[in-house]
Amino acid sequence: MLNTETPSNRHPDLDTYATPALLDAFITDQTAAVAAVKAAAPQLAAAVDAALPRIRAGGRLLYAGAGTSGRLGVLDSVELYPTFSWPRERAVAVMAGGAGAMFVAVEGAEDDRAQGAADLAALNPGPNDVALLLAASGGTPYVLGAIEAARAAGALTIAFANNPDAPVTQQAEIGITLDTGPEVISGSTRLKAGTSQKIALNTFSSALMVKLNKVYGNLMVDLKATNAKLVKRALALTVRASGASEAQAQAALAQCDHHVKTALVMLKRGVSASDARALLDAADGSVSRALGA
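I will try to describe carefully the structure that is included in this document. (Residues numbered from 1 in each chain as written. Predicted model: local features only at pLDDT ≥ 70, side-chain atom pairs only at ≥ 80, totals over all residues. Heavy atoms only, no water.)

1. Details of the overall build of the protein chain
When helices and strands are tallied, the protein chain shows 13 helices and five strands. A principal-axis box enclosing the C-alpha atoms of the protein chain has dimensions of 65 × 50 × 35 Å. Counting across all 293 residues of the protein chain, residues that qualify as buried make up 47%. Once local pairs closer than 6 in sequence are excluded, the contacts in the protein chain between residues at least 24 apart make up 66%. (Helix = DSSP H or I, 4+ residues; strand = E, 2+ residues; numbered from the N terminus. Buried < 20%, exposed > 50% of the residue type's maximum accessible area, 1.4 Å probe, protein only. Contact = heavy atoms within 4.5 Å.)

Written as structure tokens, this is what we have:
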């Protein structure tokens, strides 16, 4: 039996626990998710380094999964745009059961290997694309179909699974095993298996964005100020990173569509918005290099 399916021997009487003990069992067990991702750090680093040149060459991040894993892939892909201004068309996710399965479970869809291949192939993957294949069990037919299509197209394949020696990680160019073991509720991989995948995806995509000059120091300077909260955040970041007054920062941001990167270069180099953009373009989007640091 797979580790993720094996009943835990730590909580055989879970249904009899008082509420505090029940919550402690769930919360404490989640710490294994962090440990599993830490153990996989070398493989995650290899994945970032392998993906980087492809993405720099114009490639896309293509996510494929089913159930919880599929929803986590969608989540990671969607959040790259507001966080890092990453183009929506360059982070695309498919999941078993289609878009509607994000909100309503479509049972049985994960067993359709041919549909997984068809959904991934419909994205027209190419050699510069990076396919992220997500399956807690590591043997989900939909995901195995997707990896076949990605490999056939020459895309880089990176697989995440929660069982050792899983088919999907063995078939991928880079396999990332997040060995979280049995769940508190046997087989419920929405628990720490899902948590470990969320951490791993956050780590991979965030590290990739840092390498792509989407961060200055540790500041989120390439965000999309698409709502009132993010407009305030853009202002606070600009003030913090530039040392300018709030009024100066607001004036600069108003001239560059609230793009923090551009405003920073404007303020610190004393140049116009168009000149700041040119400096950033010449520096491949790096604020540090545009500032001559």
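2. Re the packing of aromatic side chains
Within a pair of aromatic rings, the relevant descriptors are the distance that separates the centres and the angle that separates the planes. Enumeration according to the criterion identifies zero aromatic pairs in this entry. When the ring centre of Tyr-81 is taken as origin, the NZ or CZ atom of Arg-88, which lies over that ring, is 3.7 Å away. (Phe/Tyr/Trp six-rings, centres within 6.5 Å; stacked < 30°, edge-to-face > 60°. Lys NZ or Arg CZ within 6 Å of the ring centre and 35° of its normal.)

3. Digging into the sheet that holds strand E1 (residues 61-65)
Within a sheet, neighbouring strands are paired by backbone hydrogen bonds and run either parallel or antiparallel to one another. The sheet built from five strands is open, its strands ordered E2-E1-E3-E4-E5 with parallel pairing. Two strands in the sheet have a free side with no partner beyond their single neighbour: strand E2 (91-95) and strand E5 (174-177). Mean inter-strand twist for the sheet, computed between neighbouring axes without regard to direction, equals 15°. When E1 meets E2, the two strands line up parallel, connected through five bridges. Directly across from Leu-62, in E2, lies its bridge partner Val-92. Sheet strands in contact with helix H4 (residues 67-84) are E1, E2 and strand E3 (130-135), and its direction is about 160° off that of E2. (Pairing = 2+ DSSP bridges. Axes fitted to C-alpha atoms, helices over the stretch in contact; angles between N-to-C directions.)

4. Points about the environment of Ala-118
Within the secondary structure, Ala-118 is located in helix H5 (residues 113-121). The class for Ala-118 is partly exposed, based on a relative accessible area of 39%. For the pair formed by Ala-118 and Arg-71, sequence separation is 47 residues and the distance between their alpha carbons is 19 Å.

5. Some details on empty space enclosed by the protein
The final tally for this structure, using the stated rule, is one cavity of 30 Å³ or more. For the largest cavity, the calculated volume is near 30 Å³. Phe-26, Asp-29, Gln-30, Glu-183, Val-184, Leu-191 and Lys-192 are the residues that line the largest cavity. Here the lining of the largest cavity is composed, by residue class, of three nonpolar, one polar and three charged. (1 Å grid on protein atoms, 1.4 Å probe; cavity = no way out; pocket = protein on both sides within 12 Å on 5 of 7 lines; lining within 4 Å. Points joined across faces, edges and corners; volume = space filled by probe spheres on them. Nonpolar A, V, L, I, M, F, W, Y, C, P; charged D, E, K, R; others polar.)

6. Concerning the nonpolar core
With 32 residues, the main nonpolar core has Ile-158, Phe-160, Ile-176, Phe-204 and Leu-208 as its most contacted residues. For this core, the secondary structure elements donating two or more residues are helix H2 (31-39), helix H3 (41-56), E1, H4, E3, strand E4 (156-161), E5 and helix H8 (192-211). With seven residues, the single largest contributor to this core is H3. If you look at the next biggest cluster of nonpolar residues, it comprises 25 residues, including Leu-253, Val-260, Val-265 and Met-266. (Core = buried A, V, L, I, M, F, W, Y, C linked by side-chain atoms within 4.5 Å.)

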